[in-house]
Amino acid sequence: MTRSADKLIPTDFPAVPALAAVEAVQVSIAPLGEGAGAIGLGVSSDGPVPERLAFDRPALTAAGFEAKAGATLVLPRADDPDLIAVGLGDAPTTAAALRDAAAAFARAAARHAHIALRIELGDVDRPTAISALVEGALLARYRYTPLKSDAKDVPLTSLTLDLGGESDADAAAVRTAIIAVRSAVIARDLANTPPGHLTATDMADVAVELGERFGFEVETFDRQALIELGCGGLLGVNQGSVEEPRMIVLRYRPSGGPTGKLGLIGKGIMYDSGGISLKPSDPMHLLMKMDMGGAAAVLGAFAGLRDSGGTAEVLGWLMCTDNMPSGAAYKLGDVLTARGGTTIEVKNTDAEGRLVMSDAFALANEQNVDAIVDIATLTGAALVSLGGHIAALLGNDDGMVDAVRASSAVTDEPAWQLPLERKYRSQLDSDIADISNLGGPYAGTITAALFLDHFAGKTPWAHLDIAGTMQVDKDDSWRSKGATGFGARLLLDLAKRFAS
């Protein structure tokens, strides 16, 4: 990435620094051996306690360890590896429970680069369990540190899983997990990067680099190209910025005949001030560097398509700009003309994500995709209604909504379906244009989705509003403090499974 020196931003700033760290981790499925700095031992709420702990259950209880899911107890030893009791609650019955257990252990062993875990897989099939354990450990150890002059975090370099024997399918399960983690950390790194270090043009450069490395095509469109395409939604939002917009179009072509053609659309507001409808200077405003989390998730997913063996053709549209107030900024009452000719009355410049994505929907339909999934940090109403752990899911097609929900369950990135209630559509009516960009004071997540529904047309479509799930304030299981990368693993799983 290259930036002008007068902005005091390093010219060699790494866009996705965690990528190399993840790919450098050595993961092995083997009996506990030498070299680990910490050994984790799973302890269920009943049944025998692992002998290696040298603590019976009363002793563990006396030490304050109750074996609840997510609980850990570190037993340091001077000349031997630390022992860490890892609470499992009842015996794990889901991949999510195993992922959480591995994350709890990896965090408890945060001062060690080489860690080992012995755990029973319960009722979870072995490949699924291995993938979940690897994901949990690696994602939990993620940290965003490139701007720290004295980062004290110890990178994870080696993970050993003792699962009672080995299988020929183990290596493939580990590889599946590494690909998924890679997608998530790309999305996390991009969303955590300060907006001065990652503009729309920088995002395009990153996409080109990742495309060359991971086998997908990238085409970028600058302001003049967007004018020629008639992308008035993206151009309108960009008016107030000194930074150029970029539409980044991604295309993955499978090696064989494609099983379908899927379109992914990501909101890429690199920084959202609210524009003329200026946001208050509060903690949420501070997080608006993450308003491109949807675009980051799509780009992260594309980085995994080739190596995961995706069989569908997948196209992606990343609609990237910042949203700034200035003398040139678009104003309340302006009318923008989106790609395809729809006119949009601007009633609030802070409802900008739907504007930039309107152009992408038109372009996706022109490409005759079989289905569209968009992902966006779109509405504060999604956070208010569902909190910080569950994304809002809406759509015009039950099959696509169910497909997203299935991938949500696989990746433990929860999504809850809200109704696409068309009775609310009249709130978007405009006296002077085809549609306005803002509804009434209630049901904001639904009216925002209804705006996108106008542009989706008859194409099967599902919408993920990740405004609540884009970040966490503190470490939470495998979700590390900061950007979560929510949606990258979900979209990767969805695209792998997609068939028209």
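Located above this text is the structure these notes cover.
Let me sum up the structure you'll find in this document. Since this is a predicted model, take the numbers as computed values, not measurements.

Quick word on the pattern of salt bridges
Enumeration over the complete set of coordinates arrives at 32 salt bridges. Here E313 ties to R251 by a salt bridge, and the two come within 2.6 Å at their closest N and O atoms. One end of the pair, E313, is in strand β10 (residues 313–323); the other, R251, is in strand β8 (residues 246–252), and 62 residues separate them in sequence. In this structure, R425 engages D429 in a salt bridge whose closest nitrogen and oxygen atoms are separated by 3.1 Å. Connected through shared salt-bridge partners, E23, R175, R182, R213, R306 and D307 make up one network.

Quick look at the sheet that holds strand β11 (residues 335–337)
Ordered in space as β11-β12-β16, the 3 strands form an open sheet in which the pairing is mixed. Looking at which strands have only one partner, the edges of the open sheet turn out to be β11 and β16 (435–436). Bridge count for β11 against strand β12 (residues 343–345) is 3 bridges, and the pairing is antiparallel. Each residue of the ladder has a partner; that of T337, found in β12, is T343.

Considering the packing of aromatic side chains
Applying the stated criterion to the full structure yields 3 aromatic pairs. Judged by centre distance (6.3 Å) and plane angle (75 degrees), the rings of F361 and W461 are edge-to-face. With F361 in helix α11 (residues 353–366) and W461 in strand β17 (residues 461–465), this residue pair connects regions lying 100 residues apart in the sequence. Here F361 matches W461 in class, with each residue buried. Between F451 and F455, the aromatic rings sit 5.2 Å apart at their centres with planes inclined by 50 degrees, giving tilted as the arrangement. With F451 and F455 both in helix α14 (residues 444–456) and 4 residues apart, the pair spans about one turn of that helix. Residue classification places F451 among the buried positions, given a relative accessible area of 0%. F455 gets classed as buried once you look at its relative accessible area, which sits at 8%. A cation over an aromatic ring shows up here: R489 above the ring of W478, its NZ or CZ 4.8 Å from the ring centre.

So, the side chain of H463
Structurally, the position occupied by H463 is in strand β17. Residue classification places H463 among the buried residues on the basis of a relative accessible area of 0%. Within polar-contact distance, the side chain of H463 engages the side chain of D374 at 2.7 Å. Other than its neighbours up to four places away in sequence, H463 contacts D374, L378, A392, L393, L394, A449 and L452.

Looking at the pairing of strand β1 (residues 26–29)
On β1, burial follows the alternation: V27 and I29 on one face are buried, whereas Q26 and S28 on the facing-out side are not. Across 4 bridges, the pairing between β1 and strand β6 (residues 158–162) is parallel. What sits directly across from I29, in β6, is L161.

Focus: the sheet that holds β6
The strand order β1-β6-β5-β2-β4-β3 describes an open sheet built from 6 strands, whose pairing is mixed. A single partner strand is all that each edge strand has here, and the edge strands are β1 and β3 (72–75). Ignoring strand direction, the axes of neighbouring strands in this sheet form an average angle of 20 degrees. Where strand β2 (residues 38–43) and strand β5 (residues 114–118) come together, 4 bridges link them in parallel fashion.

Structural notes on the environment of M203
Along the chain, M203 falls in helix α6 (residues 200–214). Put simply, M203 and L318 are 115 residues apart on the chain and 9.2 Å apart in space, counted from C-alpha to C-alpha. Residue contacts for M203: discarding those within four places in its chain leaves L190, L198, I248, M270, M292, A295, A296, L299 and C320.

Digging into the environment of A63
Relative to the helices and strands, A63 resides in the loop between α2 (57–62) and β3. For A63, a relative accessible area of 40% gives the class partly exposed. As a C-alpha pair, A63 and R489 span 426 residues in sequence and 38 Å in three-dimensional space.

Considering the nonpolar core
Looking at soluble globular proteins, one finds that nonpolar side chains tend to be buried together. Core analysis: the largest hydrophobic core is formed by 62 residues, its most contacted members being L190, M203, L299 and L491. It is helix α10 (residues 293–308) that contributes the most residues to this core, 9 residues altogether. Those residues in contact with L491 that sit more than four places away from it in its chain are L264, A297, V298, A301, V373 and I375.

Rules used throughout
Residues numbered from 1 in each chain as written. Predicted model: local features only at pLDDT ≥ 70, side-chain atom pairs only at ≥ 80, totals over all residues. Heavy atoms only, no water. Salt bridge = Lys/Arg side-chain N within 4 Å of Asp/Glu carboxyl O. Helix = DSSP H or I, 4+ residues; strand = E, 2+ residues; numbered from the N terminus. Pairing = 2+ DSSP bridges. Phe/Tyr/Trp six-rings, centres within 6.5 Å; stacked < 30°, edge-to-face > 60°. Buried < 20%, exposed > 50% of the residue type's maximum accessible area, 1.4 Å probe, protein only. Lys NZ or Arg CZ within 6 Å of the ring centre and 35° of its normal. Polar contact = N/O pair within 3.5 Å; in protein donor to acceptor, adjacent residues only side chain to side chain. Contact = heavy atoms within 4.5 Å. Axes fitted to C-alpha atoms, helices over the stretch in contact; angles between N-to-C directions. Core = buried A, V, L, I, M, F, W, Y, C linked by side-chain atoms within 4.5 Å.

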